[in-house]
Amino acid sequence: MAELALRIRDLRVSFSGFKAIDGVDLDVEKGELRAIIGPNGAGKTTLMDLITGKSIPTGGTIDYMGKSMLGKSVPSIAEKYGIARKFQNPNVFSRLTVYENLYVAVKGNKTIAKTLSFGFKHKKKKAVKEYIEDILTQVNLIEYKDIAASYLSHGQRQWLEIGMLLAQQAELLIFDEPTAGMTADETYKTGELIKKLAGTHTILAVEHDMAFVKQIAQKVTVLNQGRVLAEGSYEEIEKDPKVIQVYLKEDYDE
Amino acid sequence: MKKILNIKINYYFDALLFFFLATFPMYSSKFRIEQMSRYLCYVILIFSLDLLWGYSGTLSLGHSVLFGMGGYIYALSYSLKDGEVPAFMKNAGVEEIPDFLNALSDLRTGIFLAIFMPAVFAFLIGLFLFSSKVGGMFFAVITCALITLASLFLNNQSAYTGGANGITGVGRFVFGGQKLSIPQNYYFILLIVLLVYFFCRWLTRSKFGKVIIATSENDQRVKFLGYKTSLFKAFLYAISGMLAGLAGVLFVPVSGIIAPTDITGTLSTILVIALAVGGKGCLTGGALGIILIEWAQSALSESFSNLWQLILGLLVIFIVFFVPEGFMGKVLGWQEKIVMKRKETNNG
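Keep in mind that what you see is a predicted model, and the values were worked out from it rather than measured.

Enquirer: I'd like a rundown of the pattern of salt bridges, residues and numbers included.
Expert: All names here are of chain A. Scanning the entire structure with this criterion turns up 22 salt bridges over all chains. Notably, a salt bridge pairs Lys86 with Glu161, separated by 3.5 Å at the nearest N-O pair. With Lys86 in strand β6 (residues 83–86) and Glu161 in helix α6 (residues 154–167), this pair connects stretches of sequence that are 75 residues apart. By relative accessible area, Glu161 is classed as buried at 0%. Members of the salt-bridge network, linked through shared partners, are Asp10, Arg12, Asp22 and Arg227.

The following block contains the structure:
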């Protein structure tokens, strides 16, 4: 069995009485690509909030690479422990250029003193520049380097944000609906990119689009009402009567 | 040609404005030079506000307090520098200079504290407000309340602040035993404006500046990139406070006096209006805005007395409705569109 990256035990959180996450256990191996699905309100995004330190659990444990993530701040989890998150809506900085978006995302030099002195370190700056241009090529945005991100199309923004995740050099990548609002072609390309990242990265992807889940996932976890309902390969999940009842069936009804 | 188009257009405005300011004393009366010296101090002040509002998106409505703090500390230091008890203290019954003011009797320490104290004050307030997630309008309201607090303090502590009369009789700077003449003082301030300008340009183009711009759009996202955003913003507020204090230090020798009326909401409001009209987030807009508005205020009140406020009000309404990004923002937007169009035609 491969090394365990993320180990969650009996995780609980409630918001004014409402149990958003109610005893979740989750094991994710290093290099695994895990899809997380579930109906609206199942607690998918809340689970991501807990892992990244945005919300504080009322009970349970979250260990990443053997270290507890409880009580750690959002910036520290992101930079020190290397957990990067891509939000549902593309969250790029439209007042900055495409290049500058990656420039603020690149791992390292994130204290006030270092952001002030970074401009004087020409060698480091050059290395970062080459690194950023390499990422821009990977996400097909190199031609748009010096354009303000506000001019990008929706799909391009999603790609830019994926590029920012790469620049953070995180080990664990969390994608919250990475293909929302993309065209079929863009969705497929994103899927292939995510598949390429798996192995060298551990990936959690929250998704609604079942075709996309089928394309990427090695293993799927189904959440419902704050609990894990089922876990297994896409084929197993697809046939699971419990899952069909709460989730897949809903889709057919619509 | 392509290169010329790619240089941001506000840099040309900066150069023109600087040329105008550098030649201004050659054809102006002493009265006008002194007036312009005052506006130059406001230019520093508006740069400091633009760093906050234009770049980090947090509006401070009480910026005049930081300016006044610098001005008052300098004025107090100036009146204590001979080691005698100044007249306004004697009137309030203070016979001896109290110990806690001893440090101020050295003018150099006075200047240092006048710049340093507003920075510390701003940093502490910023740290408190930003880490308790107070932002946007709430930040503006709280900073606005600072003005009331400051004027209460000034009136209550009249033994040390001169009360409603303020501290008077502050002379121009002295270099090598020689008091600066009005034009010399003007050029001295202009030099500092230039240094502050380059400092702000450097700061906003640094990685720090980019992080700050990013927080103005989505603070949460920047945290997820690994930055302690509240610390960054508090630090920016401190820099802004430092520059505001510096503006205060330069202002007092020009006007010769600092009084509670100098730090009222009127100044803060004029600053915000000037920045909104001129265009925030590019330094140029604020500088143009404050000089034009101050000049218009003086010219119109000389000939129309009270009517200028009405005209100013109409101007603000017009700008907010039709050019919400301000003059410079509009011009920069046009330039960006032209550049984008050229790129598209080149690619296609």
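Moving on from the coordinates now.
Enquirer: So what's going on with the interface of chain A and chain B? Residues and values would help.
Expert: Much of the literature gives interface size as the accessible area that the parts lose upon coming together. Listed by partner, the interface residues are 34 residues for chain A and 30 residues for chain B. For the pair chain A and chain B, the summed buried area comes to about 3000 Å², and 67% of that belongs to carbon and sulfur atoms. The largest per-residue losses of area from chain A upon contact with chain B belong to Phe93, Arg95 and Ile112 of chain A, which jointly make up 22% of the total buried on that side. Here chain A is connected to chain B by 14 residue pairs in polar contact (both at pLDDT 80 or more). Listing elements by their share of the side of chain A that touches chain B, those giving two or more residues are α2 (74–79), α3 (98–105), α4 (112–117) and α6 of chain A.

Enquirer: Account for the side chain of Thr143 of chain B, naming residues and giving values.
Expert: Position of Thr143 of chain B relative to the elements: it lies in helix α7 (residues 136–156). What Thr143 of chain B contacts, discounting residues up to four positions off in sequence, is Leu59, Ser60, Leu61, Gly62 and Tyr237 of chain B.

Enquirer: Please set out the packing of helix α5 (residues 122–138) of chain A against α6 of chain A residue by residue, giving values where relevant.
Expert: Residues and elements named next belong to chain A. Interaxial distance between α5 and α6 falls to 10 Å at its minimum, and their mutual angle equals 140 degrees. As the angle between them shows, α5 and α6 are arranged oblique. Viewed along their axes, α5 and α6 form a crossing whose handedness is right-handed. On α6, the residues that touch Tyr131, Ile135 and Gln138 of α5 are Trp159, Gly163, Leu166 and Ala167. Residue composition of the contact of α5 with α6, grouped by class: five nonpolar, two polar and no charged.

Rules used throughout
- By convention here, each chain's residues receive numbers from 1 onward along its written sequence.
- Starting at A for chains and at 1 for ligands, labels are handed out in the order in which the entities are written.
- In keeping with the predicted nature of the model, local features appear solely for residues at pLDDT of at least 70, side-chain atom pairs appear and are counted solely at 80 or more, and the whole-chain, interface and lining totals rest on all residues.
- Just so you know, side-chain values use all the structure's heavy atoms and leave hydrogens and water out.
- A carboxyl oxygen of Asp or Glu within 4 Å of a side-chain nitrogen of Lys or Arg is what we treat as a salt bridge.
- Strands are runs of DSSP state E lasting at least two residues, helices are runs of H or I lasting at least four, and both sets are numbered from the N terminus onward.
- Accessible area is worked out with a 1.4 Å probe on protein chains only. A residue is then buried under 20% of its type maximum, exposed over 50%, and partly exposed in between.
- Only heavy atoms matter for contacts: two residues are in contact if any of them lie within 4.5 Å across the pair.
- Simply put, the buried area is the total loss of 1.4 Å probe accessible area from both parts when two parts are fitted together.
- Two N or O atoms count as a polar contact when they lie within 3.5 Å, although within protein this holds only if one can serve as hydrogen donor and the other as acceptor, and sequence-adjacent residues are included solely when both atoms are side-chain atoms.
- In this description, a line fitted to the C-alpha atoms serves as the axis of each element, helices being fitted only across the stretch in contact, and the angle between N-to-C directions of two axes falls anywhere from 0 to 180 degrees.
- In these notes the angle categories are as follows: under 35 degrees is roughly parallel, over 145 is roughly antiparallel, 65 to 115 is roughly perpendicular, and the rest is oblique.
- Handedness of a crossing follows from how the near helix is turned relative to the far one, being left-handed for an anticlockwise turn of less than a right angle and right-handed for a clockwise one.
- Only Asp, Glu, Lys and Arg are considered charged in this grouping, and only Ala, Val, Leu, Ile, Met, Phe, Trp, Tyr, Cys and Pro are considered nonpolar; every other residue, Gly among them, is considered polar.

Purely geometric stuff here, so don't read any function into it on its own.
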